[in-house]
Every structure is written in C-alpha cells, then in structure tokens.
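Structure assessment
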Amino acid sequence: MNDTFLKACRGEEVEYTPVWLMRQAGRYLPEYQAVRANIDFLTLCKNPKLAAEVTLQPVDILGVDAAILFSDILIPLEPMGMRLEFLDKEGPVLSEPVRSKSAVDKLIIPDIEEDLPFVLETIRILRKELEHKVPLIGFSGAPFTLATYMIEGGTSKNFLHTKKFMFQNSTVFRYLMEKLSDMVTAYLSAQIKAGAQAVQLFDTWAGILSPQDYRKFVLPFVKKIIADLKKEGVPVIYFVNDCAGIIKEVKKSNADVFGIDWRIDIGDAIKKIGKKGVVQGNLDPCALFLPKDKLEERVKDILWKGETARGHIFNLGHGILPQTPPENVIAMVEAVHTFGKKT
Ligand code: CP3
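The paragraphs below set out a description of the structure included in this document.

**Notes on the sheet that holds strand β5 (residues 198-203)**
On the basis of which strands lie adjacent, the open sheet formed by 7 strands has the order β1-β4-β5-β6-β7-β8-β9 and parallel pairing. The sheet is open, and its two edges are formed by β1 (67-68) and β9 (311-316), each paired on a single side. As paired elements, strand β7 (residues 257-260) and strand β8 (residues 278-283) share 3 bridges and run parallel to each other. Opposite Phe-258, over in β8, you have Val-279 as the bridge partner. The strands touched by helix α12 (residues 219-230) are β5 and β6 (236-240); relative to β5, the strand with the most contacts, the crossing angle is about 175°.

**Things to note about the packing of helix α14 (residues 266-273) against helix α15 (residues 292-306)**
Following both chains from N to C, one finds α14 and α15 inclined at 20°, their axes separated by 8 Å at the closest point. Judged by the inter-axis angle, α14 sits roughly parallel to α15. Judged by the sense of rotation from one axis to the other, the crossing of α14 with α15 is right-handed. Of α15, the residues touching α14 (which contributes Ile-266, Gly-267 and Ile-270) are Ile-302, Lys-305 and Gly-306.

**Overview of unusual backbone geometry**
The omega torsion across Gly-281 and Asn-282 is -5°, close enough to zero to call that bond cis. With respect to the element layout, Asn-282 can be found in strand β8. In this model, Glu-96 sits at a positive phi of 55°, which is unusual for a non-glycine residue. Here Glu-96 shows up in the loop between β3 (91-95) and α5 (101-106). For Asn-254, which is not glycine, the phi dihedral falls at a positive 65°. Tracing the backbone through its elements, the reader meets Asn-254 in the loop between α13 (247-251) and β7. Since its relative accessible area comes to 44%, Asn-254 is described here as partly exposed.

**What to know about the nonpolar core**
With 130 residues, the main nonpolar core has Phe-5, Leu-176, Tyr-238 and Met-332 as its most contacted residues. Per-element tally for this core: the top contributor is helix α10 (residues 170-194), with 12 residues. Excluding residues that lie within four positions of it along the chain, Met-332 makes contacts with Val-19, Leu-21, Leu-283, Leu-288, Leu-295, Val-299, Phe-314 and Leu-316.

**Regarding the packing of aromatic side chains**
Under the defined criterion, the tally for this structure stands at 9 aromatic pairs. Taken together, a centroid distance of 6.1 Å and an interplanar angle of 80° make the contact between Phe-165 and Phe-173 edge-to-face. An identical accessibility class is assigned to Phe-165 and Phe-173; each is buried. Ring pairs connect the aromatic residues Tyr-32, Phe-41, Phe-70 and Phe-86, which therefore count as one cluster. Its guanidinium or amino end placed over the ring of Trp-262, Arg-263 lies 4.0 Å from that ring's centre, counting from NZ or CZ. Here Lys-300 stacks its cationic end above the ring of Phe-339, 4.6 Å away from the centre of that ring.

**Some details on the side chain of Thr-204**
Secondary-structure assignment places Thr-204 in the loop between β5 and α11 (211-217). If near-sequence neighbours (up to four positions away) are discounted, Thr-204 is found in contact with Thr-145, Asn-241 and His-318.

**Things to note about the site of the ligand**
Lining the immediate environment of the ligand, one finds 21 residues, of which Arg-23, Arg-27, Tyr-32, Asp-72 and His-318 sit closest. In the model, an oxygen atom of the ligand is placed 2.8 Å from a nitrogen or oxygen of the Arg-36 side chain. Here an oxygen atom of the ligand sits 2.5 Å away from a polar atom, N or O, in the side chain of His-318. Here the ligand, which alone exposes 870 Å², has 88% of that area covered by the protein.

Criteria and cut-off values
Residues numbered from 1 in each chain as written. Predicted model: local features only at pLDDT ≥ 70, side-chain atom pairs only at ≥ 80, totals over all residues. Heavy atoms only, no water. Pairing = 2+ DSSP bridges. Helix = DSSP H or I, 4+ residues; strand = E, 2+ residues; numbered from the N terminus. Contact = heavy atoms within 4.5 Å. Axes fitted to C-alpha atoms, helices over the stretch in contact; angles between N-to-C directions. Parallel < 35°, antiparallel > 145°, perpendicular 65-115°, else oblique. Left-handed = near helix turned anticlockwise from the far one by under 90°. Buried < 20%, exposed > 50% of the residue type's maximum accessible area, 1.4 Å probe, protein only. Core = buried A, V, L, I, M, F, W, Y, C linked by side-chain atoms within 4.5 Å. Phe/Tyr/Trp six-rings, centres within 6.5 Å; stacked < 30°, edge-to-face > 60°. Lys NZ or Arg CZ within 6 Å of the ring centre and 35° of its normal. Near = heavy atom within 4 Å. Polar contact = N/O pair within 3.5 Å; in protein donor to acceptor, adjacent residues only side chain to side chain. Areas by Shrake-Rupley, 256 points an atom, 1.4 Å probe, with all protein chains shown as cover.

Read these as spatial facts, not as claims about activity.
Below, the structure is given as structure tokens:
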C-alpha cells in the first residue's frame, strides 16, 4: 500500500509530499454525476456499495494519495433526532432547529453500530478495495460546525441564531456542545474500529468566532475529542476553515495534523503552529481555474513553504468547487507529485 500520506501525518520522512483533496468525490466528476443521476444524495450516502464506488473514483481518476469516505457531516444528525433534507438550490435543511434546552434534551446520542451501520459497512468494503492502493480517511463534523447547522436549520450568513444562543444561553449551548462531542467521539472511534486509518474533523464555521469565544466555547470540546481519539492510535486531522485569526488557539487542540484554508500564507501558519507541527493545505480551490504554468507556480510555492514544517500534506484550502474541470485537478496532483519529490 502507498502509505506516504500516513507517514506524512506522523511527521515521518517521505519520498514526496502526498496529496488529496477535500470533497474529492463529487459533482465536478462526470463519473460521480452518472451515479447521482439515478439516486438522491442522502440515499447514496446510505448505500454502502455505491458510496464505496464514488469514494474510489478520485483515487483512480486523480491518483491521489488517500481516499476519504463518501458521506456527509450532517448524516449523524438524523439518528440524533433531526429531520435532514438536501434541497438542490438551498443545500442542507434541518427542520425544527435546536434553540432551547428542551430541544437539546430531546437529542439522542446514537448507537453508531445500530443507527449508522451503512457508514461502517462502507468503510469495511473500502478497506478491502483499497488494500493495495491508498489509506482511507474517516471524518466527522466538529461539534461547533454541527451545532451551527442544528441551531440555524441550515447554512447561514452571519450565524446570529448560533451566537445569540451561545451568548444568551451559554450553559445550554455548552450542554449541546457536550452532547455533540460525545457523539463525535463515538462516531469516529467506530469508524476507526471499522478500518479508517486516519480521521478528519471538519470545523468549517469555527472561523466566524472571535479568539476569545473560540477559546471559551469550542477549544475545550475539540481538545477533549482529540485527546480521547489519540488512544485509538490513528492520526487526527483538524481542519479549521478561515483559521487565520484563531490559529494560536487552534494549535492548543493538540491535533496530529492541522488543516488550514488558503486565506493564510502556509509559511506563516507553520510559524504560528510551530515547526514540530504537521500541516495540511492550502491551495485556493479557485486556483484550479488558473492556466497550467500559473497553477504550477502556486503549487511550488506551497510545497516549498511546506518544507519548513515537520510534515506537509498537500490539499486545497477548502472543498473543490463543482465547476472545476477534472483535467485541471489531474494536472495539480501531477504537479504536486513532480515538484514535491524530496530527492
Ligand atoms: O470530501 C469528500 O469527497 C467526502 C465527502 C464529503 C461530502 N461532504 C460530500 C457532499 C465530505 C467530507 C463533506 C463534508 C461537509 N458537508 C462539510 C465540511 C466541509 C466543507 O465543505 O466545509 C459541510 C459543511 C457539509 C455540509 C454540506 N453538504 C453542504 C453545505 C452541502 C451543500 C453544498 C454542496 O456542496 O452541495 C452538502 C452536500 C454534499 N456533500 C455534496 C457532496 C458530494 C453534494 C451533494 C450532491 O451530490 O448534490
């Protein structure tokens, strides 16, 4: 198996910088669209055979160094008791948002084996299929990002409901974060037991918080999840979108790998995280629309700066956009493999 990705996560010596992409399985791939033409997104997530098939598509098409389970961060919110829909134009919708103590009381901590068996089955299929290929990454939303979807009822612009809840009802907000953290730890432990070889926590919306609110309302929960997961013995990657303003706090989470977005220079991020850290990132997803020579310049710049960390895994700074031409993505992966050689 190509274990370059796992070695880089552990800060070990590698022959080249490994690369994978957030949202690497998805709508920019005609092969994904062909599967999705006959099935809606949620049903696809719950069908282990098809979910495994779309997970493998980018591994074969792009030649990336890791596979990421095909699912969604919102999937576990259904067995917690929420009604989830994905609407074509609006994205995810959670009816009856959680905005009171009684709503938090009603939330169930799911039994992963019983309530989310399809996720574990997809992982088991994938480990067999990936045996001679690349490692498999499992994932979960981080508690704050999941809380925003639960409280807002979907995506939001200014997260007013979330912040009002946090500021006006801080004890209940922490109670919600605690419940979500218990779920996340159980969910990721179950994924690891089923065969996930690394796990990533997605904190897409933590960057909307001031450093002091991040420190008060998010960090203690993430720190505990990461400490608990470290006992499972696989690398834990913590991706925080828009991390520049809170990076000193994010560092305190003790993640094995820090996933960073593109708004911060990766060299500066490494200085702030410290040279002992392992980083993942951070090409602007829109850079995939640049002409090839300009794209290569940016890839080289990130690779060169990545050398200053103990380990670097190349990735985008956030998910790939559906409009991205697959040939540009293939060119990017090739550029990382060519210019990221260590000898
Ligand atoms: O990375 C991968 O390839 C694995 C699969 C994956 C998906 N979502 C598939 C998906 C992963 C890791 C996610 C994570 C996710 N989901 C996040 C965190 C990362 C990020 O992007 O910030 C978030 C916030 C979500 C919630 C979510 N799911 C939204 C807001 C949307 C709608 C917007 C959109 O991109 O369509 C989704 C839908 C979704 N998740 C799709 C896919 C492939 C598109 C569904 C389709 O086929 O129509």
